[in-house]
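Each chain, letter by letter, is given below.
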Amino acid sequence: MSPNDKEINDAIMLYEKALVHQQSGEIDNAIKCYKDAISKNPNLWQAQNNLANLILYKGEYDEAIYLYKKALELDSENPIIQNNIGNVLIGQRKFQEAKKWFSKSLKKDPNYVEAISNFGLCLAEENKIDEAEAYFRKAIKINPSFSNAYNNLAMILKKKEKFYEAVKEYENAIKFNPNFSDAYCNLAISLMDIGKINEAETNFLQALKVDPNNVHTKISYAGFLKTSGKIDQATKLYQSIISENPDIDAELYRNFAHTKTFSREDQDIRRMELIIKKNNLDKHSKTHLCFALGKAYEDLGQIEKSFNYIKEGNAIVRKTYQYDTNDMKKYFNNIIDIFQPDLIDKFRNSGLGEKNHIFILGMPRSGTSLVEQILSSHTKVCGGGEIKYVEDSITEVGKKRQSTYPESVKTFSSADLAEIGSLYLNKTKQFLGSEEFLTNKLPQNFLYLGIIKLIFPKSKIIHCTRDSLDNCISLYKNYFVGHQGYAYDLEELGAYYNLYKKLMKHWHTLFPDGFFEIHYDNLVKDQKDQTLQLLKFCQLDWEENCLAFHKTKRIVNTASSVQIRKPIYKDSLEIAKKYKNLILPLANILKEN
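Residues numbered from 1 in each chain as written. Predicted model: local features only at pLDDT ≥ 70, side-chain atom pairs only at ≥ 80, totals over all residues. Heavy atoms only, no water.

Asks: Can you walk me through the side chain of glutamate 169 in this structure?
Replies: Looking at the element boundaries, glutamate 169 is found in helix α10 (residues 163-176). This buried residue, glutamate 169, is left without a salt bridge; arginine 137 holds the nearest opposite charge, at 4.8 Å. Reaching out from glutamate 169, the side chain makes a polar contact with the side chain of asparagine 172 at a distance of 3.1 Å. Beyond its immediate chain neighbours, meaning those up to four positions away, glutamate 169 contacts Tyr150, Leu153, Ala154 and Leu157. (Helix = DSSP H or I, 4+ residues; strand = E, 2+ residues; numbered from the N terminus. Buried < 20%, exposed > 50% of the residue type's maximum accessible area, 1.4 Å probe, protein only. Lys, Arg positive; Asp, Glu negative; His and termini not counted. Salt bridge = Lys/Arg side-chain N within 4 Å of Asp/Glu carboxyl O. Polar contact = N/O pair within 3.5 Å; in protein donor to acceptor, adjacent residues only side chain to side chain. Contact = heavy atoms within 4.5 Å.)

Here you go:
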C-alpha cells in the first residue's frame, strides 16, 4: 500500500530531523528518526541508505548490507548505494567483491569520485600501490576539493616512504575538510616518521578535539606518548581506553603492559587473566595477552609463571609460519662464501665518499636503541631509527640482474654499487635537518655489513654486542611487530645467534679495523668511558647531553622505547640467571659456539 500525502510529508520531516541529529553526532536519535521516516514512507531510499550508513558506523556489517540492498530495491542503479555496499565489503576485507560494486557504480557515473577513490583503496589493500595511487590522483583531478582522496593518496605515499609528500597531502585533506579527524591523526603519524614531535602531538590533540570518542585516534596517541617518552601519560591513556573498551584488540594490553610496573593486587592482571581464560578466545588475542601477562608476572618476580606465558605466546606465533634453520645456515654460509678477499679487492676503490652515515647493527635487543639514543643526543647527529633502505636498495638493483642477495653481489659492477649507494642517499636525505650525521640502527644490517663497507667505506659502523643468553632471552620475551622468524623457539633462536656470531667473526676477518664494537654490559657499568670511546670513533666532540640521553626528545619505535627514557640502570644485566633451568635448550645450543 502506497503512503498518502501526509505520510510522505511526515517522512520527509522525520528524515530532515534525522539529518540534524546525525550532523550533531547524536547517532541513536538519528537512527530512530530514520526508522520512523521509513515506517511512514518505505519508498524513501535516502532514509534507507542513511540508516545503513549509521548501522555501518556502529560496525554491524551484515545489517548494513541488508539495508543498502533494501534501498537498492527502490533505486536499482543508484551509484551512491552501490558504492556504499562496496564500502561495507571493504570493512569485511572482501576486496574482489567490493571492486565489483564500485565498478557498477562507476558504470553508471564514471566521474563519481567516492567510488573511484574506494576502488583505489581495494587496490592498495591488494598491494597494487602504483595502480591505487593513479585512482586517487584521478579522483583529485575530477574533484580537487575531495578530501578523502587526498587522505588516501597520502597513505600510499607513506607506504612508499615518501614521508614529506605524505604530510603535504594530509594537509590538503584537512584544508578541504577542517573536521577530518582521521586526517589529523594520519598527519600526526607521518610527522612522527620525520621526527617532528611537537607538530605530531598538536595534530593528535586536534583529531581528538574534532572527534573526542575516536578510539583509533586515542590508541595512536597513546602509542605516540609511549614512543616519545611520555610514559606516565601513555599509561593513563591506555588505562582509560581499556576501561572504556574492555573488549579492545588485545594488542593494546601488550603495549600497555610495557608502560607500567605491575603490583601484586593489580586489577589489570586480573582483567587480563579473565580474558585469556575465555573458551572462544582467538589466537591473535591470546598471543598478545600471553606476552602482556609474561611482563606482568616478571614484574612480580614470579619468573616461572611469567616464562610459561611467554613460552605459550611464542608457541602460538611459531605455528603461523614456515622457518627452517638449515635454510638459514645455507643463507649465512652463502654470504660468507661470496664475501671473500678477492671480492673485496675487486671493489676496493668503488665506494662513495659519503662519511656522514652511522650504521648501528647487531642482534635485536643488544643495545642498538641505547647506542642510537646516546648518539642522537649529540647536536650533530640525527637519529634515523630502523631504516630499511640498505636492503631495499640492494633488492632494487638486484632485480635488474634478476638476482637476490647475496647471489646478486656476484653480478654487481662498480656502477651497480654506486647506484645502490645513490638510492640509499636519496631515500635518507629526507631525515636530515641541520644535523651533520644520520644514524641507521636497523640491527639486521649486520647481514649487509660487507656491502655497506664497499659502498660507504668512510661510514661509521658500530657493532652492539651483549651476553648471548641475556640477548636471546630478551628477544624471546618480546613480541616483534616485524617478522623475526628465528625468535619464537628457543632452539631456533640459539642456532640463529650462533650463525650471527659466525658471520660477525667473518666480517672482522675481512675488515679488522672496519667497525667499532661496544658491549652492552660495559656501557652499563662504565657509561662515561664507553660514551667517550663511541664519540671518538664517530669523530664527534664530547657533549654532556650524551650522558643524559634519556632526556632527549625523539620518537623511538622499538621494544626499548620505554627503557631508554630512564638513566642507565643495571637491572638488565645477567637477566638470564633468573630463568636458570627454564632455558636449558637455548643454553646448550649457545655452548656450541
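From this point, the narrative continues.
Asks: Is there a simple way to think about unusual backbone geometry in this case?
Replies: Most of the time, phi is negative for any residue but glycine, and the peptide bond is trans. Residue proline 406 follows tyrosine 405 across a cis peptide bond; omega there is 5°. Relative to the assigned elements, proline 406 resides in the loop between α22 (389-400) and α23 (407-411). Positioned with a positive phi, lysine 580 is a non-glycine residue whose angle comes to about 40°. Among the structural elements, lysine 580 can be located in the loop between α29 (527-537) and α30 (584-591). Judged by relative accessible area, lysine 580 falls into the exposed class, the value being 63%.

Asks: I tried to follow the sheet that holds strand β2 (residues 381-383) on my own but got confused; where do I start?
Replies: Strand pairs in the sheet, formed through backbone hydrogen bonds, run parallel or antiparallel to each other. Reading across from one edge, β2-β3-β1-β4-β5 is the order of the five strands in this open sheet, with parallel pairing throughout. Of all strands in the sheet, those with a lone pairing partner are β2 and β5 (516-519), marking the two edges. Averaged over neighbouring strand pairs, the angle between their axes works out to 25° when direction is ignored. Across five bridges, the pairing between strand β1 (residues 357-362) and strand β4 (residues 460-465) is parallel. Bridging from a neighbouring strand, glycine 362 pairs with cysteine 464 of β4. Sheet strands in contact with helix α21 (residues 368-376) are β1, β2, β3 (437-440), β4 and β5, and its direction is about 160° off that of β1. (Pairing = 2+ DSSP bridges. Axes fitted to C-alpha atoms, helices over the stretch in contact; angles between N-to-C directions.)

Asks: Can you walk me through helix α17 (residues 283-299) in this structure?
Replies: Think of an α-helix as turning once every 3.6 residues; residues three or four places apart then point the same way. Counted at 1.5 Å a residue, the expected span for α17 with its 17 residues is 24 Å, and the 24 Å between its end C-alpha atoms agrees. Among the 17 residues that make up α17, 13 are buried, leaving the element largely enclosed by the rest of the structure. Residue aspartate 282 occupies the N-cap position of α17, its side-chain oxygen lying 3.2 Å from the main-chain nitrogen of histidine 284. Glycine 301 sits one or two positions beyond α17 and adopts a positive phi of about 80°. (Expected span 1.5 Å × (residues − 1).)

Asks: Looking at this model, I keep getting lost on the environment of glutamate 273. Mind explaining?
Replies: Mapped onto the elements of the fold, glutamate 273 is located in helix α16 (residues 267-276). Taking the C-alpha atoms as reference points, glutamate 273 and leucine 503, separated by 230 residues in sequence, lie 42 Å from one another. Filtering out sequence-adjacent residues up to four positions away, glutamate 273 remains in contact with Leu293, Tyr297, Lys305 and Tyr309.

Asks: Explain the pairing of β3 here, please?
Replies: A regular strand carries its side chains on alternate faces of the sheet. Neither face of β3 is exposed, since Phe437 and Thr439 on one face and Leu438 and Asn440 on the opposite face are all buried. Sheet analysis places β1 next to β3, joined by three bridges and oriented parallel. In the sheet register, histidine 357 faces β3, and the bridge partner there is leucine 438. Note that β2 and β3 share three bridges and pair parallel. Of the residues in β3, the one forming a bridge with valine 381 is phenylalanine 437.

Asks: Help me out: how do you make sense of the nonpolar core in this one?
Replies: Here is a general trend for soluble globular proteins: nonpolar side chains tend to be buried in one another's company. Core analysis: the biggest nonpolar cluster contains 174 residues, and Phe339, Phe446, Ile451 and Trp507 have the highest contact counts within it. When residues in this core are grouped by element, the largest group, 10 residues, is from helix α27 (residues 490-510). With near-sequence residues (within four places) excluded, phenylalanine 339 lies in contact with Ile344, Tyr405, Val409, Gly450, Ile451, Leu454, His506, Trp507 and Leu510. By size, the runner-up hydrophobic cluster in this structure holds 22 residues, among which are Tyr520, Leu523, Cys538 and Cys546. (Core = buried A, V, L, I, M, F, W, Y, C linked by side-chain atoms within 4.5 Å.)

Asks: What should I look at first to understand the packing of aromatic side chains in this one?
Replies: Both the distance between ring centres and the angle between the ring planes are used here to describe each pair of aromatic rings. Within the structure shown, the criterion is met by 28 aromatic pairs. Here phenylalanine 163 and phenylalanine 431 contribute two aromatic rings whose centre-to-centre distance is 6.1 Å and whose plane-to-plane angle is 50°, an arrangement assigned as tilted. Of this pair, phenylalanine 163 sits in helix α10 while phenylalanine 431 sits in the loop between α24 (414-428) and β3, placing them 268 residues apart in sequence. Each member of the pair phenylalanine 163 and phenylalanine 431 is classed as buried. Ring centres of tyrosine 331 and phenylalanine 332 lie 6.2 Å apart, and the angle between their planes is 85°; on these two criteria the pair is classed as edge-to-face. Classification of phenylalanine 332 as buried rests on a relative accessible area of 1%. The residue whose ring lies beneath lysine 460 is phenylalanine 537, and the NZ or CZ to ring-centre distance is 5.5 Å. (Phe/Tyr/Trp six-rings, centres within 6.5 Å; stacked < 30°, edge-to-face > 60°. Lys NZ or Arg CZ within 6 Å of the ring centre and 35° of its normal.)

Asks: So what exactly am I meant to see when it comes to the packing of helix α26 (residues 468-476) against α27 here?
Replies: Two packed helices can be described by the angle between their axes and the distance between those axes. Look at α26 against α27: their axes get within 11 Å of each other, and the N-to-C directions meet at 130°. What the angle tells us is that α26 and α27 run oblique. As α26 runs across α27, the sense of the crossing is right-handed. Counting all contacts with α26, which are made through Ser468, Asn471, Cys472, Leu475 and Tyr476, the residues of α27 involved are Leu490, Leu493 and Tyr497. Per-class residue counts for the contact of α26 with α27 are six nonpolar, two polar and no charged. (Parallel < 35°, antiparallel > 145°, perpendicular 65-115°, else oblique. Left-handed = near helix turned anticlockwise from the far one by under 90°. Nonpolar A, V, L, I, M, F, W, Y, C, P; charged D, E, K, R; others polar.)

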